[in-house]
Amino acid sequence: MKKISKIVSAMLCTVLAAGMLSGCGEVDKEGYVAKTRSEADNVSSQAEVSQAEVSQAEQSSVAEKITSDGAWKSMAFNVDGTDFVLDRLTLSEIEDAGWSFDPAVYGMQDLSADPLVFYQRSVCMNHEGYDENSFIVGFTNFGDEACGLDTINVWTVEFTSKDVAGYPAVTLEGGITWGADEAALKAAYGEPSAAEKFDGYTHYTYTDNAANVVYLDVYDDGGLGRIVMESYD
């Protein structure tokens, strides 16, 4: 129950970001702040959510979803030929692969992150040739003491190929990549924990109800077009 509570609380932090930020190019620095679990609980009912359909799916209590066992649980992914694992992944590992962002845009140039405070998934990573919305991350500190950006962890990543001109090649465990359909997901990962149909796409959830969640949006006119991965431990 402790881990489930941590997942739900951290998910609330993510939801708060949707109403705070209008896009990677126009950041509300005052709004981009970390929320502790208690703060998230207190203000979650008042948070405005701009991405209504997706957030409705992702706000659902993870505890109510069916546990899913499959290759996805490795939390491994490959971006343009570089392998990563969302298991205490660090920002520096992503930067070593050629991605960057301007901390000043987010008011984070002097960031000192306390342990286990989850920052919203709203930082757009930049790379030549790719749209700024194609790769988005959220930070946390899995250490025991406050840290800066030089050692900060990444607890969540989001990749998008739908409706963007330039985006990286992303492959998940089991060979799942852009354009994959429902049959491919189930062949690689088994039955999802949840599948919710929206206008034009289906939102699949795979979770172990403990520390890891993967969300996959499969569009009717192009297959897999959005990937979200979250690791809370």
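In case you missed it, the structure is sitting above this.
First, a word on what this report is: a plain description of the structure on this page.

Parameters and conventions
- Residue numbers run consecutively from 1 along every chain, following the written order of its sequence.
- Local features in a predicted model are, by the rule used here, given only for residues with pLDDT of at least 70; side-chain atom pairs are given and counted only at 80 or more, and totals for whole chains, interfaces and linings are based on all residues.
- Hydrogens and water molecules were not included; the side-chain quantities draw on all heavy atoms of the structure.
- In this scheme, strands are said to pair when DSSP sees at least two bridges between them.
- Runs of E in the DSSP output that reach at least two residues are strands. Runs of H or I that reach at least four are helices, and both are numbered from the N terminus.
- Angles run from 0 to 180 degrees between N-to-C directions of axes, and those axes are lines fitted to C-alpha atoms, restricted for helices to the stretch in contact.
- To sort residues, take the accessible area from a 1.4 Å probe on protein chains only and compare it with the maximum for the residue type: under 20% means buried, over 50% means exposed, and anything in between is partly exposed.
- Any two of the Phe, Tyr and Trp rings considered here, Trp counted by its six-membered ring, make a pair once their centres fall within 6.5 Å; the pair's planes then place it as stacked at under 30 degrees, edge-to-face at over 60, or tilted in between.

**Considerations on the sheet that holds strand β7 (residues 170-172)**
Neighbouring strands of a sheet are bound in pairs by backbone hydrogen bonds; such pairs are parallel or else antiparallel.
Turning to step 1, where the next piece is worked out: The strand order β2-β1-β7 describes an open sheet built from three strands, whose pairing is antiparallel. Lying at the two open borders of the sheet, with one neighbouring strand each, are β2 (82-85) and β7. Strand-to-strand twist of the sheet, defined as the mean angle between neighbouring strand axes without regard to direction, takes the value 25°.
Turning to step 2, where the next piece is worked out: For strand β1 (residues 76-79) and β2, the ladder comprises four bridges, and the chain directions are antiparallel. Paired with Phe 77 across the bridge in β2 is Phe 84.

**Some points on the pairing of strand β5 (residues 135-140)**
Turning to step 1, where the next piece is worked out: In terms of burial, β5 is a largely internal element, six of the six residues being buried.
Turning to step 2, where the next piece is worked out: Alternating residues of β5 divide into Phe 135, Val 137 and Phe 139 and Ile 136, Gly 138 and Thr 140, and every residue in both groups is buried.
Turning to step 3, where the next piece is worked out: One ladder, built from two bridges, connects strand β4 (residues 123-124) with β5; its direction is antiparallel. Counterpart to Val 123 in the pairing with β5 is Val 137.
Turning to step 4, where the next piece is worked out: Here β5 pairs with strand β6 (residues 153-160) via six bridges, running antiparallel.

**Brief notes about the packing of aromatic side chains**
Turning to step 1, where the next piece is worked out: Tallying each qualifying case throughout the model produces 16 aromatic pairs.
Turning to step 2, where the next piece is worked out: Look at Trp 155 and Tyr 232: their rings are 5.3 Å apart centre to centre, the planes differ by 45°, and that puts the pair in the tilted class. Here the residue Trp 155 occupies a position in strand β6, and Tyr 232 occupies one in the segment after β11 (223-231), the gap between them amounting to 77 residues.
Turning to step 3, where the next piece is worked out: By relative accessible area, which is 0% here, Tyr 232 ends up buried.
Turning to step 4, where the next piece is worked out: Joined through ring pairs, the aromatic side chains of Phe 77, Phe 84, Trp 99, Tyr 130, Phe 135 and Phe 159 make up one cluster.

**As for unusual backbone geometry**
Turning to step 1, where the next piece is worked out: Residue Arg 88 is not a glycine yet carries a positive backbone phi of 60°.
Turning to step 2, where the next piece is worked out: With respect to the helices and strands, Arg 88 occurs in the loop between β2 and β3 (89-90).
Turning to step 3, where the next piece is worked out: A residue is classified by how much of its surface remains accessible, and Arg 88, at 41% relative accessible area, is partly exposed.
Turning to step 4, where the next piece is worked out: Positive phi outside glycine occurs at Leu 116, with the angle close to 55°.
Turning to step 5, where the next piece is worked out: Along the polypeptide, Leu 116 turns up in the loop between α4 (91-96) and β4.

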